[in-house]
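Structure assessment
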Amino acid sequence: MTEKASVVVIGGGIVGTAIAYYLTIKGQRDVVVLEKNYLSSGSTGRCAGGIRQQWSEPSNVRLAMRSVRHFESFKKELGADIEYVQGGYLLLAFDEEEETLFRNNVEMQKKEGLEVSILSVDEVKKRFPYIVVDDVKSASFCPTDGHANPHLANFAYARAAKKNGAWIYTHTRALGIDVENGQITGVETDRGYIKTGVVVNAAGGFSRQVGLLAGVDIPTESYRHQIMVTEPLEHILDPMIISFSRNFYMRQTVSGNIMMGQGDEDEKPSFNHDPSWRFLTQMSKKMPGLFPFLEKVRVLRHWAGLYNMSPDAQPIIDKAEDVSDYYCAVGFSGHGFMLAPAVGEGLADWIIDGSPKEVDLSNLGLDRFTGEVKREKNVV
Amino acid sequence: MHSPDLLVIGAGPAGLSAAVEAASAGLDTVVVDEGVTAGGQLVKQTHKFFGNEGFFASVRGFEIARSLLEELVDFENVEIFQESSVIGVYEDGIPVLHLPSDTTRLFRPKRVVVATGASEKFLQFENNDLPGVYGAGAVQTLMNQFGIMPGKNVLMIGSGNIGLIVSYQLVQAGVNVKAIVEIADRIGGYEVHADKVKRLGIPVLLKHTVTRALGVESVEGAEICEVDEKFSPIPSTARELVVDTVCIAVGLNPSVELIAQAGGQIRYVAELGGYVPVRDEDMRATAEGFFVAGDVSGIEEATTAMIEGRIAGLSVVRDLKGSTDENKVSRLKKELVGFRNGPISARVREGLQKLGFDVSSGESRTGNLNNPQKYRGKLRPIIECFEAIPCNPCETSCPTGAIVVGGNINDVPVIDYDKCNGCGICMTKCPGLAIFMLQELPDEDSALIGIPYEFIPLPSKGDQVHLLGRQGEMLAEGTVQRVFRSPHKTNSVYVKTPLELADKVRSIRPVLQEDNAFVCRCEELTVSDIEAAIDEGYTDFEELRRKLRISMGPCGGRTCRLNALRILSRKTGKSIEELSFGVLRPPSIPSTLGSIARQKGAEDD
């Protein structure tokens with residue numbers, strides 16, 4: 001293990017490895033990634049892999065659009081097939097409130113340059129005949145949204161970063177961050193000490209704990225979210241389909257499995273990532289009503305991961321105030337996978353050149369929670 | 001009865017026995033079982049059992065199942081659900097899928113006895129995914145339980161008790177068993193079982209293995225091969241048999257998915273069949289409220305399963321009622337020790353010792369290890385020359401005079417480790433190849449073993465090899481650390497072994513290639529797919545799983561997990577014990593959304 005590093009990234013998920021990748025391609029040497037378990041063992045490896053640009057907050061739309069451009073060139077740039085499919089995202093509206101929200105969103109999203117439109121019930125029925133549209137009022141659809149295999153993307157970033165000279169240490173846990181006079185001096189791990197002046201917190205579900213290692217208080221909390229996957233079926237679903245009011249999302253993977261999940265408002269903050277029968281029961285009762293073909297499809301697996309929630313359900317990408325060169329890319333609130341490429345790019349620029357340059361991270365600071373909090377609404 | 005005192009998972013010999021004890025002490029007991037009828041593997045057994053009379057000796061298996069069941073049905077506080085499979089063990093209950101009605105039912109028991117038994121080990125050879133390639137359990141189910149002949153001409157792989165018994169039963173059913181092939185140089189099962197099939201004229205081909213199934217749509221034949229001393233097929237000996245069925249009987253894996261999901265600690269103990277739950281003498285697992293019994297706690301046979309089941313049942317009674325028939329418990333524990341006392345249980349005893357049990361044995365064979373404690377850490381020869389033969393090259397070749405045979409050349413050598421400098425010359429000189437080198441390594445977990453090697457090609461440093469024991473039995477996989485060529489052709493190969501195998505590893509052989517054989521049939525992944533991914537750096541089972549989707553199919557990894565771990569162990573040089581075995585995610589049985597939605601007697605949600 002190396003004894004010193006220019007940057008130590010804590011967390012070997014998609015965010016940590018994307019940051020490491022962009023640091024190395026921008027010429028940064030001696031970059032270290034610490035992962036306490038194996039690559040993709042945390043939220044990345046447990047997420048559904050959706051890549052969406054339809055958000056209610058303009059800064060999220062911009063960040064997501066920038067990420068999509070990176071996903072579009074991912075294969076060429078990194079030489080890895082990550083099963084990226086641009087089949088669109090179909091957001092179903094079930095009541096007037098949702099219709100109004102979607103209409104306003106689409107107007108704003110179009111201003112940001114996104115190709116997005118409102119579909120009538122008839123259009124939904126025609127284009128997606130397997131959906132029971134009885135209760136559907138309308139939908140919002142963006143054809144350049146899509147999904148990818150999060151494990152493969154995570155592995156691809158890690159491998160590319162490694163090839164460019166980064167050290168990726170799996171099964172290595174950060175135990176402490178030494179700070180002297182507001183300056184980071186090193187990171188203590190269970191496999192040795194690494195001298196460094198720069199630390200990036202990309203610890204996903206454990207962001208708060210990794211913040212406290214350096215005395216940085218990050219207002220995030222982790223919540224269990226669950227996902228289930230069925231046996232593989234012939235290809236039927238192009239888009240990822242979601243509903244905020246009916247509380248679900250669903251997509252079909254390249255290998256044919258249908259993957260779906262929901263939020264649970266009774267869930268308390270915790271690190272519990274055991275799946276529950278309650279989840280499987282609720283999903284099994286809810287989903288076949290809208291998608292009758294699911295009734296006879298078998299569930300193969302289900303699991304849970306952690307949503308690292310910030311107070312406004314938007315990521316926190318910032319530099320700490322009291323500790324120099326302590327960066328964090330946390331609190332993604334369930335959307336870290338899709339935002340990782342743009343965040344990786346911006347944070348790498350920030351570390352190397354002192355600003356995130358073309359990536360607009362201005363609304364994602366640690367200090368934004370003091371006044372009134374404006375919450376992202378498009379969250380399952 | 002949704003919150004019974006006890007939920008027993010599996011109605012085999014262990015589960016039924018546990019239920020009988022619990023029920024007779026008045027506990028509300030629910031038994032769920034995947035089978036059409038209760039009895040587990042017993043219902044398929046048409047042969048008479050060994051043991052003592054207290055445990056159904058000389059009674060046929062299916063009759064044992066019947067009597068256990070008769071004992072149970074008399075109790076009003078017992079409910080048995082057949083064709084019912086546990087979906088998973090969750091924080092909020094244990095859902096059970098009823099297969100015929102495709103509905104589910106949720107239980108929240110106070111205690112659980114996991115008696116899930118075992119699943120069959122899988123074997124890699126070319127075309128092993130052709131219809132007609134069966135596990136022995138499937139053949140027994142078809143034939144003995146449902147009266148369906150699996151085929152007309154069968155090749156049996158494996159001469160352990162199951163291979164021998166099923167062969168006999170196939171002949172009883174009118175099926176032609178062309179041959180039993182056995183990779184070892186001796187029959188694995190009991191002599192009496194072997195004599196039975198021999199008397200029927202079935203050839204038992206020792207030192208043979210199957211290398212290929214032949215056929216396009218289904219099995220039309222099989223290619224078998226003789227193997228050399230190191231179990232490698234000798235290509236010139238390949239021949240084809242016309243068969244329509246290849247039956248694999250190469251051992252069992254404990255079915256630990258549910259106890260692992262419950263949070264029970266799991267350990268790899270090869271002697272007990274693979275991963276087994278950690279548990280105490282009362283059959284209490286490490287997950288709160290969970291007990292285990294039978295093959296799930298280590299592969300043995302029906303008698304020990306029944307005793308363990310009764311102990312588990314009595315332990316549950318003690319837990320819930322504050323007391324139990326302690327005399328009976330201690331009598332049962334004594335019975336267990338008695339059963340495991342013979343030479344055929346040597347492996348089981350070794351396995352139980354690894355789980356921390358003090359197991360007495362009928363006999364023990366210990367080598368002359370020359371007081372290993374005192375010289376721990378020093379590179380030194382281990383002389384395993386116990387027979388008085390006229391021979392002394394060890395003495396004459398030793399540069400420091402540490403080895404003394406003495407005046408009578410027929411005497412066995414004696415070594416003074418204080419004088420020995422660890423040069424290893426004696427190992428290459430001994431005509432009997434009876435001298436090995438040993439050094440415990442500073443990491444305290446492993447040892448270096450020097451082995452005299454007279455085969456070509458000579459392995460090179462870094463090569464992966466199988467580590468074999470004194471009977472040629474495969475113990476583990478290891479990495480070659482050093483190789484010394486010797487002018488008189490007895491070369492020295494030094495391998496790293498886990499410390500506990502240091503006094504067992506006495507031979508090596510190169511790792512066989514089975515490139516195109518399927519490891520994971522659900523996702524169609526071959527040995528070479530897995531090796532390629534490992535070569536790319538995916539050296540964690542969970543990383544491999546995420547990269548390749550191995551074990552993500554309907555079987556949930558039952559067939560592929562252990563074999564994939566073996567490949568990982570071979571490639572990384574880490575023992576299976578050191579590797580993480582990954583996550584066992586529910587549902588343990590693929591269940592339709594409809595069945596989950598249709599819950600009987602659900603009280604909330």
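Residues numbered from 1 in each chain as written. Chains lettered and ligands numbered in written order. Predicted model: local features only at pLDDT ≥ 70, side-chain atom pairs only at ≥ 80, totals over all residues. Heavy atoms only, no water.

Observations regarding the overall build of chain A
As a reminder of what qualifies: Numbering of helices and strands starts at the N terminus; helices are DSSP runs of H or I of at least 4 residues and strands are runs of E of at least 2. Based on C-alpha atoms, the radius of gyration is set beside the globule rule, defined as 2.2 Å times the residue count to the power 0.38. Only protein chains enter the accessibility calculation, which uses a 1.4 Å probe. A residue is then buried if its area is under 20% of the maximum for its type, exposed if over 50%, and partly exposed in between. In this analysis, two residues are considered to be in contact whenever any of their non-hydrogen atoms come within 4.5 Å of each other. Note on areas: these come from Shrake-Rupley sampling with a 1.4 Å probe, and a residue is covered only by the protein chains present in the view. We score Asp and Glu as negative and Lys and Arg as positive, and we do not count His or the chain ends. To locate a charge, take NZ of a lysine, CZ of an arginine, CG of an aspartate or CD of a glutamate.
For chain A, the helix and strand inventory stands at 10 helices and 19 strands. Since a compact globule built from 380 residues should have a radius of gyration of about 21 Å, the 20 Å found for chain A is in line with a globular shape. For the C-alpha atoms alone, the extent of chain A along its principal axes is close to 65 × 40 × 40 Å. The 380 residues of chain A split such that 61% are buried. Relative to all contacts within chain A whose residues are 6 or more apart in sequence, the contacts with residues 24 or more apart total 75%. Of the roughly 14600 Å² of accessible surface on chain A, a fraction of 46% belongs to carbon and sulfur atoms. Placing the 41 positive and 49 negative side-chain charges of chain A at their respective mean positions leaves the two points 4 Å apart.

With respect to helix α13 (residues 541–548) of chain B
Buried residues dominate α13 of chain B, accounting for 7 of its 8 residues. Among the residues of α13 of chain B, those classed as buried are F541, E542, E543, L544, R545, R546 and L548 of chain B. Looking at the buried side of α13 of chain B, the elements it contacts are α2 (43–46), α7 (150–163) and β17 (298–309) of chain A together with β31 (525–526), α12 (527–535) and α14 (561–572) of chain B. Two residues or fewer after α13 of chain B comes R549 of chain B, characterised by a positive phi angle close to 75°.

Let's talk about the domain arrangement of chain A
All names here are of chain A. Just so we agree on the cut-off: Throughout, the edges of the domains are those of an automatic or database domain assignment. Summed over both partners, the accessible area lost on bringing two parts together, with a 1.4 Å probe, is the buried area. A pairing counts as a salt bridge when a side-chain nitrogen of Lys or Arg comes within 4 Å of a carboxyl oxygen of Asp or Glu. Only Asp, Glu, Lys and Arg are considered charged, only Ala, Val, Leu, Ile, Met, Phe, Trp, Tyr, Cys and Pro nonpolar, and every remaining residue, Gly among them, polar.
By the assigned domains, chain A splits into domain 1 (7–48 + 151–220 + 312–370) and domain 2 (87–144 + 224–306). Facing the 8 residues of domain 1 at the interface are 12 residues of domain 2. Carbon and sulfur atoms make up 60% of the surface buried where domain 1 meets domain 2, a total of about 780 Å² over both sides. A per-residue breakdown of the area domain 1 buries against domain 2 is headed by R46, A48 and F206, which together make up 69% of the total. Along the contact surface separating domain 1 from domain 2 lie 0 salt bridges. Grouping the amino acids of the side of domain 1 that touches domain 2 by side-chain chemistry returns 4 nonpolar, 3 polar and 1 charged.

Comments concerning the environment of K377 of chain A
Residue and element names in this part refer to chain A. Following the sequence through the fold, K377 ends up in the segment after α10 (336–353). The spatial distance from the C-alpha of K377 to the C-alpha of A148 is 23 Å, given a sequence separation of 229 residues. Excluding residues within four positions of it along the chain, K377 makes contact with S56 and L101.

A few points about the pairing of strand β14 (residues 240–243) of chain A
Residue and element names in this part refer to chain A. To be explicit about the condition: One requirement defines pairing of two strands: DSSP has to find at least two bridges between them.
A two-sided burial pattern is seen for β14, the buried positions comprising M240 and I242 on one face and I241 and S243 on the other. Summarising the sheet, strand β4 (residues 89–93) and β14 pair through 3 bridges and their orientation is parallel. Across the sheet, residue L90 finds its bridge partner in β14, namely I241. Sheet topology places β14 next to strand β15 (residues 248–252); 3 bridges connect them, and they run antiparallel. Bridge pairing links S243 to F248 in β15. Turn length for the β14-β15 hairpin, with the two strands adjacent in sequence and antiparallel, is 4 residues, and the turn residue N247 shows positive phi of about 60°.

Considerations on the environment of Y134 of chain B
Residue and element names in this part refer to chain B. Mapped onto the secondary structure, Y134 falls in strand β9 (residues 133–135). On the accessibility criterion, Y134 (25% relative accessible area) is partly exposed. Separated by 16 residues in the primary sequence, Y134 and P150 place their C-alpha atoms 8.6 Å from one another. Discounting residues that sit within four places of it in the chain, Y134 has contacts with V139, L142, P150, T245, V246, C247 and I248.

Overview of the pattern of salt bridges
Tallied over the full model, the rule gives 40 salt bridges over all chains. Between R208 of chain A and D217 of chain A there is a salt bridge, with its nearest N and O atoms 3.3 Å apart. R208 of chain A gets classed as partly exposed once you look at its relative accessible area, which sits at 31%. Assessed through its relative accessible area of 52%, D217 of chain A is described here as exposed. Between E271 of chain B and K354 of chain B there is a salt bridge, and its shortest N-O distance comes to 3.0 Å. Here the residue E271 of chain B occupies a position in the loop between β18 (266–269) and β19 (274–277), and K354 of chain B occupies one in helix α9 (residues 346–354), the gap between them amounting to 83 residues. Look at E271 of chain B and you get buried, because its relative accessible area is 11%. The network of salt bridges with common partners includes E21, E71, R310 and K328 of chain B.

As for the packing of aromatic side chains
Residues and elements named next belong to chain A. This is how the line gets drawn: Any pair of Phe, Tyr and Trp rings, taking the six-membered ring for Trp, is counted once the centres come within 6.5 Å. Such a pair is stacked with planes under 30 degrees apart, edge-to-face with planes over 60 apart, and tilted for the rest.
Counting across every chain of the model gives 20 aromatic pairs over all chains. Plain terms: the ring middles of Y327 and W350 are 5.9 Å apart, the flat faces sit at 80° to each other, and that makes the pair edge-to-face. One end of the pair, Y327, is in strand β19 (residues 326–330); the other, W350, is in helix α10, and 23 residues separate them in sequence. For Y327, a relative accessible area of 2% corresponds to the buried category.

Points about the interface of chain A and chain B
Rules: Each polar contact in these results corresponds to two N or O atoms within 3.5 Å; when the atoms are within protein, one needs to be able to donate a hydrogen and the other to accept it, and residues that are neighboring in sequence are counted only if both atoms are side-chain atoms.
At the interface, 41 residues of chain A touch 33 residues of chain B. At the boundary of chain A with chain B, total buried surface from both sides reaches about 3300 Å², with 56% on carbon and sulfur atoms. Sorting the residues of chain A by area buried against chain B places Y38, W277 and R301 of chain A first, and these three jointly supply 25% of that buried surface. The tally of links from chain A across to chain B stands at 2 salt bridges. At the junction of chain A and chain B, the tally comes to 23 residue pairs in polar contact (both at pLDDT 80 or more). Mapped onto the side of chain A that touches chain B, the elements with two or more residues apiece are α2, α7, β13 (221–232), β16 (257–262), α9 (277–290) and β17 of chain A. Looking at which element gives the most residues to the side of chain A that touches chain B, the answer is α9 of chain A, with 9 residues. Residue classes in the side of chain A that touches chain B are distributed as 17 nonpolar, 14 polar and 10 charged. Relative to strand β32 (residues 591–592) of chain B, β17 of chain A runs antiparallel, the two being bridged by 2 bridges. Directly across from V299 of chain A, in β32 of chain B, lies its bridge partner S591 of chain B.

What about the side chain of S243 of chain A?
Residues and elements named next belong to chain A. With respect to the helices and strands, S243 occurs in strand β14. Side-chain polar atoms of S243 contact the backbone nitrogen of S245, separated by 3.4 Å. Not counting residues within four places of it along the chain, the set of residues in contact with S243 comprises L92, F94, E98, F248 and V380.

What about the sheet that holds strand β10 (residues 153–157) of chain B?
Pairing between sheet strands relies on hydrogen bonds along the backbone, with the strands arranged either parallel or antiparallel. Residue and element names in this part refer to chain B. Note the threshold: Angles here are taken between N-to-C directions and fall from 0 to 180 degrees, while the axes themselves are lines fitted to C-alpha atoms, restricted in helices to the stretch in contact.
The 5 strands are arranged β9-β16-β10-β11-β12 in an open sheet whose pairing can be described as parallel. Only two strands of the sheet have a single partner each, and these edge strands are β9 and β12 (204–206). Neighbour to neighbour, the strand axes of the sheet diverge by 25° on average, direction disregarded. Here 3 bridges tie strand β11 (residues 176–182) to β12, and the two strands are oriented parallel to one another. In the sheet register, I180 faces β12, and the bridge partner there is V204.

Let's talk about helix α7 (residues 302–321) of chain B
How we decide: The span expected for a helix works out to 1.5 Å for each residue beyond the first.
The first and last C-alpha atoms of α7 of chain B sit 28 Å apart over 20 residues, in line with the 28 Å expected at 1.5 Å per residue. Positioned one or two residues after α7 of chain B, G322 of chain B has a phi angle of 85°, which is positive.

Remarks on the packing of helix α3 (residues 58–72) of chain A against α10 of chain A
Helices that pack against each other are described as a pair by the angle of their axes relative to one another and the distance between those axes. All names here are of chain A. Formally: An angle below 35 degrees is treated as roughly parallel, one above 145 as roughly antiparallel, one from 65 to 115 as roughly perpendicular, and anything else as oblique.
With their axes 7 Å apart at the nearest point, α3 and α10 run at an angle of 90° to one another. Classified by the angle their axes make, α3 and α10 are roughly perpendicular. The residues of α10 that touch α3, namely those facing L63, A64, R66, S67, H70 and F71, are F337, M338, L339, A340, P341, A342, V343 and E345. A per-class count over the contact of α3 with α10 returns 10 nonpolar, 2 polar and 2 charged.

A look at a negative patch on the surface
Residues and elements named next belong to chain B. This is how the line gets drawn: In this scheme, patches are assembled from residues that exceed 30% relative accessible area and form no salt bridge. Like charges are connected within 9 Å, while nonpolar side chains (Val, Leu, Ile, Met, Phe, Trp, Tyr) are connected within 5 Å.
A cluster of like negative charges, contributed by D443, E444, D445, E500, E577 and E578, occupies part of the molecular surface. Following the sequence through the fold, E500 ends up in the loop between β28 (491–498) and β29 (507–510). Judged by relative accessible area, E500 falls into the partly exposed class, the value being 41%.

Examining the sheet that holds strand β15 (residues 239–241) of chain B
All names here are of chain B. The 3 strands lie next to each other as β13-β14-β15, forming an open sheet whose pairing is antiparallel. Edge strands, defined here as strands with exactly one partner in the open sheet, are β13 (208–214) and β15. For this sheet, the mean inter-axis angle between neighbouring strands, taken without regard to orientation, is 35°. In this structure, strand β14 (residues 221–226) lies alongside β15, joined through 3 bridges in antiparallel fashion. Bridge pairing in β15 links I224 to R239.

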